[in-house]
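What follows is the residue order along each chain.
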There are 2 protein chains.
Amino acid sequence: MTREVTMTDPRIAVLGATGVVGGEILSILEQRNFPYKSIKLLASARSAGKKIKFKDRELTIEETTPESFDDVDLVLSSAGSSTSMRFVDEIVRRGAVIVDNTSAFRMKEDVPLVIAGVNDEDLKWHKGIIANPNCSTSQLMPVLKPLHEINKIKRMVVSTYQSVSGAGKEAIDELLESTKAVMQDETYTPKSFQKVIGFNLIPHIDSFLDNGYTKEEMKVVNETRKILHAPEMQISCTAVRVPVFISHSESVTLEFEKQMSPATVREILSQSEYVEIWDDPSSNNYPTPVDAAGQDPVYVGRIRADISCPTGISLWVVADNLRIGAALNTVRLAEKLVEMKLLNYQKVTT
Amino acid sequence: MTREVTMTDPRIAVLGATGVVGGEILSILEQRNFPYKSIKLLASARSAGKKIKFKDRELTIEETTPESFDDVDLVLSSAGSSTSMRFVDEIVRRGAVIVDNTSAFRMKEDVPLVIAGVNDEDLKWHKGIIANPNCSTSQLMPVLKPLHEINKIKRMVVSTYQSVSGAGKEAIDELLESTKAVMQDETYTPKSFQKVIGFNLIPHIDSFLDNGYTKEEMKVVNETRKILHAPEMQISCTAVRVPVFISHSESVTLEFEKQMSPATVREILSQSEYVEIWDDPSSNNYPTPVDAAGQDPVYVGRIRADISCPTGISLWVVADNLRIGAALNTVRLAEKLVEMKLLNYQKVTT
C-alpha cells in the first residue's frame, strides 16, 4: 500500500517505541509506507537517547513529556496503561488523537473500541481517544463480524492458547531461558509468569476477578460485545498461556440463531480481506502459530458443524498477536483516521 | 497400597513392555506392589532379549507369540492396536483376561470400557477383554461422574492441550529435537507430527473423519457416553497437541440440567479419592502440566460459574496422561479384577 506524501499528512508520534509492540508498529509503518509529515519516537527517560533504525534513517528516542505532543497530530501508543493515563489529557488537550493499545480506555463509553474493517464507523464519534482491543479479542472480530451480520451469534465459548510475546520482551526471554533450564535439568525461577512457562501451560493471564474469571478472559467478553454492538451475546472464555513465541490460537465454539453449514461459513469468511481460510484436513491444512507469525491475516481452520449443538459451528483461529492483535490494527486505524478525515486538523482545514 | 502375596495371585504378562506406557505400567506395578505369582514382559521380536530392571531383579523381554499366553491369567497391554488385535483371540481362548490400552476394542458392545472408581460395575460383564479409555477421556471421567450423578450433564464443550508423550517415545524426542532446532535457527523436518511441535501447536491428533472432527476428538465424545452410560450427552471436543512433555490439560465447559454453584462442585469433587482440587486464584493456585506429571490424581482448578450459560460450570482439568490416562488405570483395573474375583481362574476356584 503506497500513498503519495502530501502537505496534509499528519505529524505522528510513537509512544512506547522501545517495547515489543512499539517495534512492530515501526516496522509496519515502514512496510505500509504510512504517510506522515514528521515522526517522533517517545519512551521513558530510561530509553531516551537510544537510536532506532527507521527506513533509511536513525531516529533518537525522546523522553515523553507533555510538551512532546505540542507538534503532534496523531499518537500511536503502546506504552503501559499508567503511561497512557498519565499523558492522555495532555495529548487530547493539544488537539492530537491517540490510538491506544492499553486496556485503560477500552470500556469507557465515550471511547470507540475499533478493529479496522470491522467497526470503522465507530471512529466517527471519537473524542480524541481510540482504543485498540485486547489481542485475544482482536483476532476474533474479523471472523465473528461477517458471520454475526448474517446469522446472529447467541453464544460463544472460547479457549485460548496465547503466546508469550503478548506479555512483552521479558516474557519472550523467559520462555527461552526457562526452556533451556528444563533441557539442562536446572531449576528456573519465573519472573514474568507465575510458574515456569518452558514446556508448560499457565491457565492464568492478567489478574483474577471475583467471578473466577481473569481480566484477560473478561476482556474477550466485554470488548467483543462492544465492538460488535451485541450487548446480549453470551460469551465465556478460558485464557491459557502456552510455550509459543508469537501468535495466539483460539478454539472457538459458536451458537448461532439459525443453523448454518460449514460451507456457508467458509463462503462468508472467504469474502473477507482480513481473513484467510486454511481448512483442508485431507492435506493437513490448518493454521498453527508458526504459520501465522509475521503475517497479516487472521487464519481460520477446523471449520465444522458442532455436533453438540444443532446451530453450532466450531473453528480454530490463529493470528500474529503482535500484528492483528496490536501493531497492525494500530496502523490500520491510523490509516482509517487519515482517510476518513477524522484527525482534528483535517476537520479544521476541510 | 501393600497386599500380602498369596497362592491365588494371578500370573501376569505386560504386553508392549518397551513402550512409554509399558514402562510406566512396570513402574506402577512396582510402586503399588501389585501381587502376582509370575510376571513376563512381552514385546516384538526386535526387542526380545533386552533386559529391564524390575524391583530387585532383571527381567528379559520375550517375543510375543500365541504360546506366550499359555501360562498367563492377566495381560496388561499397551502394544499398538494391530498387536492387540493379532493376539486378543489367542489370549481369550487360553482363559486369560486382557486389559487393553488401544482403541481397538473400546467401542465394541461386548467390551466394557472402564475407569477404575468410575464404572467398576461394568467389569462384571467382561468376556475376556477390558478396554482402557483414551487418555483425554480418562482424566475427565473421575471429574464428570460424581457431578453427573447429582446433576445431569446435558452438554460438554472441551478444548484439549495434549502433551507429546501421548504420541510415544519418538514424539518426546521430537519435541526435544525440534525445540533445539528452533533455538539454533535450524530447519527441522517433523516425523511423529504433521508440523514442527517445538514452540508450536498442532490442532490435529489422530486422523480426520468426514464430520471434520478427528478420531481423537470423537473418542472423547463416544467413550464419555459409554463410560457414563449417558448416550444422550451432547459433547464437542477440539484436540490440540502442545509443546509439553507430560500431562494433558483440558478447558471444560459443562451445561447441567439444573443450576449448581462452584462451591457445590468443589464440595462434590473434594469427596473423590481420585480428584484433587487446586483452586485458589488469590494464591495463584491452579494445576499446570508440570505439577501433574508423575502424580496420580486428576487435578481440577479454575472452577467457576460459566457466565455464558445459567446452568453452566467451567473448569480446568490436568492429569498425567501416562498414568491416569493409561498405565495407572491399567494397573487399577487389574487390581479391581483381582479384588472383585473377575479373573477366570478365580471364578473356577471360588
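From a predicted model like this one, the values you see are computed outputs, not experimental measurements.

A. Structural view of the pairing of strand S5 (residues 74-77) of chain B. Residues and elements named next belong to chain B. Both faces of S5 are covered, namely the face carrying Leu74 and Leu76 and the face carrying Val75 and Ser77. Examined bridge by bridge, strand S1 (residues 11-15) and S5 share four bridges and lie parallel to one another. Within S5, the position partnered with Ala13 by the bridge is Val75. The pairing of S5 with strand S6 (residues 97-100) spans four bridges and is parallel. Within S6, the residue paired with Ser77 across the bridge is Asp100. Running through helix H2 (residues 81-93), the crossover from S5 to the neighbouring parallel element S6 is right-handed.

B. Examining the side chain of A:Thr102 more closely. All names here are of chain A. Looking at where Thr102 falls in the secondary structure, it is placed in the loop between strand S6 (97-100) and strand S7 (129-131). Under the relative-accessibility criterion, Thr102 is labelled buried at 7%. A polar contact of 2.5 Å, which involves the side chain of Thr102, links it to the side chain of Asp100. Excluding its chain neighbours within four sequence positions, the residues that come into contact with Thr102 are Ala79, Gly80, Ser81, Ser84 and Asn132.

C. Local environment of unusual backbone geometry. The backbone of A:Lys341 sits at a positive phi, close to 55°, despite the residue not being glycine. As for its placement among the helices and strands, A:Lys341 is situated in the loop between helix H9 (323-339) and helix H10 (344-349). With a phi close to 55°, B:Arg302 is a non-glycine residue in the positive phi region. Along the chain, B:Arg302 turns up in strand S12 (residues 298-305).

D. Seen up close, empty space enclosed by the protein. As enumerated under the stated definition, the model contains four cavities of 30 Å³ or more in all. Breaking the lining of the largest cavity down by element, the ones donating at least two residues are strand S8 (153-161) and strand S10 (248-256) of chain A together with strand S8 (153-161) and strand S10 (248-256) of chain B. Each residue belonging to the lining of the largest cavity can be placed in one class, and the counts come to five nonpolar, six polar and no charged.

E. Structural detail: the interface of chain B and chain A. Taken together, the contacts link 59 residues of chain B with 59 residues of chain A. Taken together, both faces of the contact between chain B and chain A bury some 5000 Å²; the carbon and sulfur share is 60%. Applying the counting criterion to the chain B and chain A interface returns 10 salt bridges. Inspection of the chain B/chain A interface yields 36 residue pairs in polar contact (both at pLDDT 80 or more). Counting only elements with at least two residues in the side of chain B that touches chain A, the list comes to S8, helix H5 (169-183), helix H6 (215-227), strand S9 (234-238), S10, helix H8 (289-292), S12 and strand S13 (312-319) of chain B. Along the lines of polarity and charge, the residues of the side of chain B that touches chain A split into 31 nonpolar, 19 polar and nine charged.

F. The arrangement of the packing of helix H4 (residues 141-150) of chain B against helix H7 (residues 262-270) of chain B in detail. All names here are of chain B. One way to put it is that H4 packs onto H7 with a least axis distance of 9 Å and a crossing angle of 115°. Seen along the crossing, H4 lies across H7 with a hand that is right-handed. Across from Pro142, Val143, Pro146, Leu147 and Ile150 in H4, the residues of H7 making contact are Val265, Ile268 and Leu269. Looking at side-chain class alone, the contact of H4 with H7 contains eight nonpolar, no polar and no charged residues.

G. Quick peek at the relation of the copies chain B and chain A. If you rotate chain B by 180° and push it 0.0 Å along the axis, it lands on chain A with an RMSD of 0.0 Å. Such a combination of rotation and displacement between the chain copies is what one expects of a two-fold axis. Interface residue correspondence from chain B to chain A reaches 100%, placing this contact among same-surface, isologous pairings.

H. Structural context of the packing of aromatic side chains. Counted by the stated rule, this structure contains 13 aromatic pairs over all chains. Between A:Tyr161 and A:Trp316 the ring centres are 5.2 Å apart and the planes differ by 75°, which places this aromatic pair in the edge-to-face class. With A:Tyr161 in strand S8 and A:Trp316 in strand S13 (residues 312-319), this residue pair connects regions lying 155 residues apart in the sequence. Taking the centre distance of 4.5 Å and the plane angle of 40° together, the rings of A:Phe245 and B:Phe199 count as tilted.

I. Region of interest: the pattern of salt bridges. Residue and element names in this part refer to chain B. Under the defined criterion, the tally for this structure stands at 44 salt bridges over all chains. Across the pair Lys40 and Asp71 runs a salt bridge, and its minimum N-O distance is 2.9 Å. With Lys40 in strand S2 (residues 38-43) and Asp71 in the loop between strand S4 (57-63) and S5, the pair connects residues that are 31 residues apart, well separated along the chain. Residue Glu90 is joined to Arg94 by a salt bridge in which the shortest nitrogen-to-oxygen separation is 2.7 Å.

J. Highlighting the confidence of the model for chain A. When pLDDT is averaged along chain A, the result is 95; 97% of the residues meet or exceed 70. At the level of chain-chain contacts, confidence expressed as ipTM amounts to 0.94, with global pTM at 0.94.

K. Fine view of the sheet that holds strand S4 (residues 57-63) of chain A. Residues and elements named next belong to chain A. The seven strands lie next to each other as S3-S4-S2-S1-S5-S6-S7, forming an open sheet whose pairing is mixed. Only two strands of the sheet have a single partner each, and these edge strands are strand S3 (51-54) and S7. Looking at each pair of strands side by side, their axes are set apart by 25° on average, direction ignored. In this fold helix H2 (residues 81-93) packs onto strand S1 (11-15), strand S5 (74-77), S6 and S7, with an angle of close to 160° to the strand it touches most, S6.

L. Just the environment of B:Phe87, in detail. Residues and elements named next belong to chain B. Looking at where Phe87 falls in the secondary structure, it is placed in helix H2. Residue classification places Phe87 among the buried positions, given a relative accessible area of 5%. Those residues in contact with Phe87 that lie beyond four places of it in its chain are Thr64, Thr65, Pro66 and Phe69.

Reading the values: the criteria
- Residues numbered from 1 in each chain as written.
- Chains lettered and ligands numbered in written order.
- Predicted model: local features only at pLDDT ≥ 70, side-chain atom pairs only at ≥ 80, totals over all residues.
- Heavy atoms only, no water.
- Buried < 20%, exposed > 50% of the residue type's maximum accessible area, 1.4 Å probe, protein only.
- Helix = DSSP H or I, 4+ residues; strand = E, 2+ residues; numbered from the N terminus.
- Pairing = 2+ DSSP bridges.
- Right-handed = clockwise from strand over helix to strand, strands pointing away.
- Polar contact = N/O pair within 3.5 Å; in protein donor to acceptor, adjacent residues only side chain to side chain.
- Contact = heavy atoms within 4.5 Å.
- 1 Å grid on protein atoms, 1.4 Å probe; cavity = no way out; pocket = protein on both sides within 12 Å on 5 of 7 lines; lining within 4 Å.
- Points joined across faces, edges and corners; volume = space filled by probe spheres on them.
- Nonpolar A, V, L, I, M, F, W, Y, C, P; charged D, E, K, R; others polar.
- Buried area = accessible area lost by both parts, 1.4 Å probe.
- Salt bridge = Lys/Arg side-chain N within 4 Å of Asp/Glu carboxyl O.
- Axes fitted to C-alpha atoms, helices over the stretch in contact; angles between N-to-C directions.
- Left-handed = near helix turned anticlockwise from the far one by under 90°.
- Least-squares fit on C-alpha atoms with pLDDT ≥ 70 in both.
- Phe/Tyr/Trp six-rings, centres within 6.5 Å; stacked < 30°, edge-to-face > 60°.
- pLDDT = per-residue confidence, 0-100.

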